[in-house]
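Examining the three-dimensional arrangement
Given next are the chains, with one letter for each unit.
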Amino acid sequence: MIDFLTYDLKVAVLIAVFYLFYRLLLARETFHRVNRIVLLATAVASFVLPLCVITFHETVVAEVPTVLVGDVSAVPVIEEPAVPLWQSALPILFIIGMVATLGHTFSSVWKVIRIIQNSEQHPQQDGTTICVTGNADMAPFSWMHYIVMNSSDYAEQNAAILTHERGHIRLHHSYDVLLVDLLTALQWFNPAIWMLRSDLRAIHEYEADGEVLSQGINARQYQYLLITKAGSIGG
């Protein structure tokens, strides 16, 4: 277990270094697709690189000590060293944090699945399915190929909302979220992975907004819609 924690610590250092370079060089750029790829590559590469160990083989001639037969005193007695307390506590602490993070992820996914299962489903020609829920306070969101919205939003059939959520689906944002959430469980102690996770979700929103604007929807009206929806959710 200590070997795995050592590996995970190397991963944490790589994530922190790569993310720092991202913040310095790319974070302010508006090339959202590039930023998304860089963040995903940062997360994956940080877990892969510590496994790429280059080994050099060298022949060493070892001297074999001569032990006299019958000489009991020549046999050394090796005592097992006591295991430090931190080596016992660290694995337990790591597992607790990992299980708690995974539990939160799986709980969130299960809630979404339950909402979808209990909703009124309307398959669409583009392969998506609109799931209408009776919860009036629920903001529209998407998961995999499902678009979830409340009955009033569905009745309104707002093109901007539907295009935004279809953008998330077309760009496969759910897979990004699931991947990074699973990696975060192994790096729950690392602030850099949480910031990377937050930035990636923000990029998802920028990309989905870009899908809306590319359809010719008025930017000012769309901004007003976002403000209105945010206000209604907050209330």
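**Description of the side chain of Thr133**
Looking at the element boundaries, Thr133 is found in strand β2 (residues 129–133). Not counting residues up to four positions away in its chain, the partners in contact with Thr133 are Ser119, Met138, Val148, Met149, Asn150 and Ser151.

**Section: the packing of aromatic side chains**
Overall, the coordinates contain five aromatic pairs when judged by the stated rule. A centroid spacing of 5.9 Å and a plane angle of 45° characterise the contact between Phe4 and Tyr7, whose relative ring orientation is tilted. Of this pair, Phe4 and Tyr7 both sit in helix α1 (residues 2–25), three residues apart, which is roughly one turn of that helix. In this structure Phe4 comes out as partly exposed when scored by relative accessible area, which is 32%.

**Observations concerning the environment of Ala16**
By the secondary structure assignment, Ala16 is in helix α1. Since its relative accessible area comes to 33%, Ala16 is described here as partly exposed. Each C-alpha atom, one on Ala16 and one on Ser46, is 9.3 Å from the other, the two residues being 30 residues apart in sequence.

**Some points on the confidence of the model for the chain**
On average, residues of the chain score 86 in pLDDT, and 82% of them are at 70 or above. Element-level mean pLDDT values for the chain span from 67 in helix α8 (residues 219–234) up to 96 in helix α6 (residues 173–186).

**As for the sheet that holds strand β4 (residues 146–150)**
If you walk across this open sheet you meet the four strands as β1-β2-β4-β3, and the pairing is mixed. Of all the strands in the sheet, just β1 (120–123) and β3 (141–143) have a single pairing partner and so form its edges. Averaged over all neighbouring strand pairs, the angle between strand axes comes to 25°, with direction disregarded. By the bridge criterion, three bridges tie β3 to β4 in an arrangement that is antiparallel. By the bridge assignment for β4, Phe141 is matched with Val148. Contacts from helix α5 (residues 159–170) reach β2, β3 and β4, with the element oriented near 150° to β4.

**Let's talk about the packing of α6 against helix α7 (residues 191–214)**
Contact geometry of α6 with α7 gives a least axis separation of 10 Å together with a crossing angle of 175°. Of the possible angle classes, the one that applies to α6 and α7 is roughly antiparallel. Taking contact as the criterion, the partners of His173, Asp176, Val177, Val180, Asp181 and Thr184 in α6 are, on α7, Ile193, Trp194, Leu196, Arg197, Leu200, Arg201, His204 and Glu207. Of the residues in the contact of α6 with α7, the class split is six nonpolar, three polar and five charged.

Definitions and limits used
- Residues numbered from 1 in each chain as written.
- Predicted model: local features only at pLDDT ≥ 70, side-chain atom pairs only at ≥ 80, totals over all residues.
- Heavy atoms only, no water.
- Helix = DSSP H or I, 4+ residues; strand = E, 2+ residues; numbered from the N terminus.
- Contact = heavy atoms within 4.5 Å.
- Phe/Tyr/Trp six-rings, centres within 6.5 Å; stacked < 30°, edge-to-face > 60°.
- Buried < 20%, exposed > 50% of the residue type's maximum accessible area, 1.4 Å probe, protein only.
- pLDDT = per-residue confidence, 0-100.
- Pairing = 2+ DSSP bridges.
- Axes fitted to C-alpha atoms, helices over the stretch in contact; angles between N-to-C directions.
- Parallel < 35°, antiparallel > 145°, perpendicular 65-115°, else oblique.
- Nonpolar A, V, L, I, M, F, W, Y, C, P; charged D, E, K, R; others polar.

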